[in-house]
Amino acid sequence: MHERGECLLLQRYIRSDQDQLEDFMKTMYVSRGYVFDPEGPHSDIRSIELLYFETGGGFWLLKEEQSVIGTIGLKGIDSENRIGEIKRFFVLPEYQDKGYGKSMISQIIEFARQAGLIKLRLDTEKQSYKAMSVFRSFGFYEIPKYNDNDIAEIFMELSIVS
């Protein structure tokens, strides 16, 4: 992923990224009018190995030089039916509309296929219209509520069977 000579790289999360990841999340949640609460509703950010890697998924950081400018997570939510869920899909506002979100989604879909998943799900809010545009461009469609997220307003799914 290159933009005007800048080198952007989607890197798998490692424990030493934690402080930088939490700073990024604070910035993203404030930009959306929320408070980042890693002890409460955003506690998954402090349990990435358990909630993402150990469920057959992963968590990645989009970096420019050493700065986090985006994130995306994938966790297994139904191993019997081979369903994964996209989580924490964010790109800093100043980097949006440059194709980075689409590139991240494309890479996550490929990772999910290789991991043997056949469906991906996600939840989001109506205010996330840019993200929804990205999801729809890949064929995600709306489905009934599938989880207990009280903040989410829109639930989507994509079949990724090759």
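Nothing here was measured: the structure is a model prediction, and the numbers come from that model.

**Description of the overall build of the protein**
The helix and strand tally for the protein stands at four helices and eight strands. Moving toward the C terminus, one meets the helices and strands of the protein in the order β-β-α-α-β-β-β-α-β-α-β-β. On C-alpha atoms alone, the protein measures out to a radius of gyration of 15 Å, which is about the 15 Å that the 2.2 N^0.38 rule sets for 162 residues. Oriented by its inertia axes, the alpha-carbon framework of the protein measures out at about 40 × 35 × 30 Å.

**Here's the deal with the pairing of strand β3 (residues 58-64)**
The buried count for β3 comes to seven of seven residues, which makes it a mostly enclosed element. Residues Gly58, Trp60, Leu62 and Glu64 point to one face of β3 and Phe59, Leu61 and Lys63 to the other, with burial holding for every one of them. Bridge count between β3 and strand β4 (residues 67-78): seven bridges; the pairing is antiparallel. Looking at β4, one finds that Lys63 is bridged to Val68. Hairpin connection, β3 to β4: the antiparallel pair is bridged by two residues, and Glu65 has positive phi, about 55°.

**A look at the nonpolar core**
The biggest cluster of nonpolar side chains holds 45 residues, and the ones touching the most others in it are Met25, Phe59, Ile86, Phe89 and Leu120. No other element matches the six residues that helix α3 (residues 100-114) contributes to this core. Excluding its chain neighbours within four sequence positions, the residues that come into contact with Phe89 are Thr71, Ile72, Gly101, Met104, Ile105, Ala131, Val134 and Phe135.

**Let's talk about the UniProt feature "domain: N-acetyltransferase" (unreviewed entry) in the protein**
This chain's UniProt record puts "domain: N-acetyltransferase" (unreviewed entry) on residues 8-161. Strand forms 31% of residues 8-161 and helix 27%; the C-alpha atoms that close the span are 29 Å apart.

**Focus on the pattern of salt bridges**
Tallied over the full model, the rule gives twelve salt bridges. Among the salt bridges present, the one from Lys63 reaches Asp17, with a minimum N-O distance of 3.0 Å. With Lys63 in strand β3 and Asp17 in the loop between β2 (6-12) and α1 (18-31), the pair connects residues that are 46 residues apart, well separated along the chain. For Asp17, a relative accessible area of 6% gives the class buried. A salt bridge links Glu39 to Arg46; the shortest N-O distance between them is 2.2 Å.

**Digging into the pairing of strand β6 (residues 119-124)**
Most of β6 sits out of view: five of its six residues are buried. As judged from the three bridges shared by strand β5 (residues 83-91) and β6, these two strands associate in the parallel manner. Looking across to β6, one finds that Gly84 is bridged to Leu120. The β-α-β motif built from β5, the intervening α3 and the parallel element β6 has right-handed crossover chirality. As judged from the six bridges shared by β6 and strand β8 (residues 154-159), these two strands associate in the antiparallel manner. Opposite Leu122, over in β8, you have Met156 as the bridge partner.

**Regarding the confidence of the model for the protein**
Do not read the predicted coordinates in detail wherever pLDDT is low. Chain-level statistics for the protein give a pLDDT mean of 92 and a share of 95% at 70 or above. Below pLDDT 50 for its whole length, residues 1-5 participates in 13 contacts with residues either more than four positions away or in separate chains.

What counts as what
- Residues numbered from 1 in each chain as written.
- Predicted model: local features only at pLDDT ≥ 70, side-chain atom pairs only at ≥ 80, totals over all residues.
- Heavy atoms only, no water.
- Helix = DSSP H or I, 4+ residues; strand = E, 2+ residues; numbered from the N terminus.
- Rg over C-alpha atoms; globule rule 2.2 N^0.38 Å.
- Buried < 20%, exposed > 50% of the residue type's maximum accessible area, 1.4 Å probe, protein only.
- Pairing = 2+ DSSP bridges.
- Core = buried A, V, L, I, M, F, W, Y, C linked by side-chain atoms within 4.5 Å.
- Contact = heavy atoms within 4.5 Å.
- UniProt positions renumbered as here; feature names shortened; annotations may be inferred.
- Salt bridge = Lys/Arg side-chain N within 4 Å of Asp/Glu carboxyl O.
- Right-handed = clockwise from strand over helix to strand, strands pointing away.
- pLDDT = per-residue confidence, 0-100.

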